[in-house]
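A structural walkthrough
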Amino acid sequence: MKFDQHFLINEEVLKKVLKVAGLKKSDTIFEIGPGKGVLTLELAKYVKKVIAIEIDTSQKIENLPKNVEFIYGNALNKLSHYKFNKIISNIPYSISEPLLKKLTKLDFDQAVLMVGETFYKILLDEKTKLSQIAEIFFKIEKIAEVSKDSFNPPPKTKSVILRIKKRGSNLNKKDKIIKEFILQDDKKVKNALIYSFIRVNGLTKKQ
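Fair warning: this is a prediction, and the values are worked out from it, not measured in the lab. (Residues numbered from 1 in each chain as written. Predicted model: local features only at pLDDT ≥ 70, side-chain atom pairs only at ≥ 80, totals over all residues. Heavy atoms only, no water.)

1. A word on the side chain of E31
Relative to the helices and strands, E31 resides in strand β2 (residues 28-32). Here E31 is buried and forms no salt bridge, its nearest opposite-charge partner K36 lying at an N-O distance of 13 Å. Side-chain polar atoms of E31 contact the side chain of T40, separated by 2.6 Å. Excluding residues that lie within four positions of it along the chain, E31 makes contacts with L39, T40, L43, V50, I51, A52, I53, I88 and S89. (Helix = DSSP H or I, 4+ residues; strand = E, 2+ residues; numbered from the N terminus. Buried < 20%, exposed > 50% of the residue type's maximum accessible area, 1.4 Å probe, protein only. Lys, Arg positive; Asp, Glu negative; His and termini not counted. Salt bridge = Lys/Arg side-chain N within 4 Å of Asp/Glu carboxyl O. Polar contact = N/O pair within 3.5 Å; in protein donor to acceptor, adjacent residues only side chain to side chain. Contact = heavy atoms within 4.5 Å.)

2. Thoughts on unusual backbone geometry
With omega at -5°, the peptide bond leading from N152 into P153 counts as cis. Tracing the chain through its elements places P153 in the loop between β8 (151-152) and β9 (159-166). With a phi close to 55°, N63 is a non-glycine residue in the positive phi region. Among the structural elements, N63 can be located in the loop between β3 (49-54) and β4 (68-72).

3. Thoughts on the nonpolar core
Ranked by size, the top nonpolar core spans 32 residues in total, and within it F30, I87, L99, L100 and L113 carry the most contacts. Looking at this core, the elements with two or more residues in it are β2, β3, α3 (75-78), α4 (96-103), β6 (110-116), α5 (117-124), α6 (129-137) and β9. In terms of residue count, the dominant contributor to this core is α6 (five residues). Filtering out sequence-adjacent residues up to four positions away, L100 remains in contact with F119, L123, L130, A134, F138 and I164. Counting residues in hydrophobic clusters, the runner-up holds 23 residues, among them L8, V13, I29 and I161. (Core = buried A, V, L, I, M, F, W, Y, C linked by side-chain atoms within 4.5 Å.)

4. What to know about the side chain of S96
With respect to the helices, strands and loops of the structure, S96 is situated in helix α4. On the basis of relative accessibility, which here comes to 3%, the residue S96 falls in the buried class. Only 2.8 Å separates the side chain of S96 from the backbone oxygen of Y93, close enough to count as a polar contact. Sequence-distant contacts of S96, that is, excluding residues within four places in its chain, are made with I91, V115 and F119.

Structure, rendered in C-alpha cells:
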C-alpha cells in the first residue's frame, strides 16, 4: 500500500490499547495515522483532546467530536509543533525507527504504539544501534502480540503493542555522555562530542 496502512479491525485489541494507555480526562493525545478513525473516536470519549495527523488525503473521519483536531500532513514533521502528553497510535510500520529517534527529543508521559514484530526484534538485539538508543532513552514494555488478521489489509508480519516511557536522569556517566551525543545530531561529530562532555562533566569548552 502507498502509505503502509493496515487498519485495526479487532475490537479486543482496541480495548487492550485503551486500557494500557491509562487514559485521563486531562490527557492530550497525539495520534499518528488515524485512518478511518476507529481508535480516534474511542480516544475522544475519554480525554481532553486528540490531535490526529493523517498523511493520506483520501482518508476522512465522519462526525468528528469537537475535541478532535484532524490534520493532513506528515506526523514526523508535526510532532514538535504540538503540545501533548501521550502518543497512542497504530503507526505505519515504515516510520517505526524515525519515530523512535524523534521521541528522544520530546517530552511526554508515555507512548502506546502498535509496531511490527520485526522492529521489536531489532530493539531486543543488543548489537544494533537502535537498541542501544532505546536502552538509554526509554523503558520499553511489551504488552501483547497481535495477529495479522486483526488488521485490514493484514500486514506481512505479526504486530506488537509497546508501552514506551522516557528514562529518568539516573544514568551512569558513560550513558549520560552517549545520550547527550545522540541529542546533538544537528552538529558535527567533534562538536557534538565536545558539547556532551561539557554538559555531563561541567567542563568549559577550553577544558
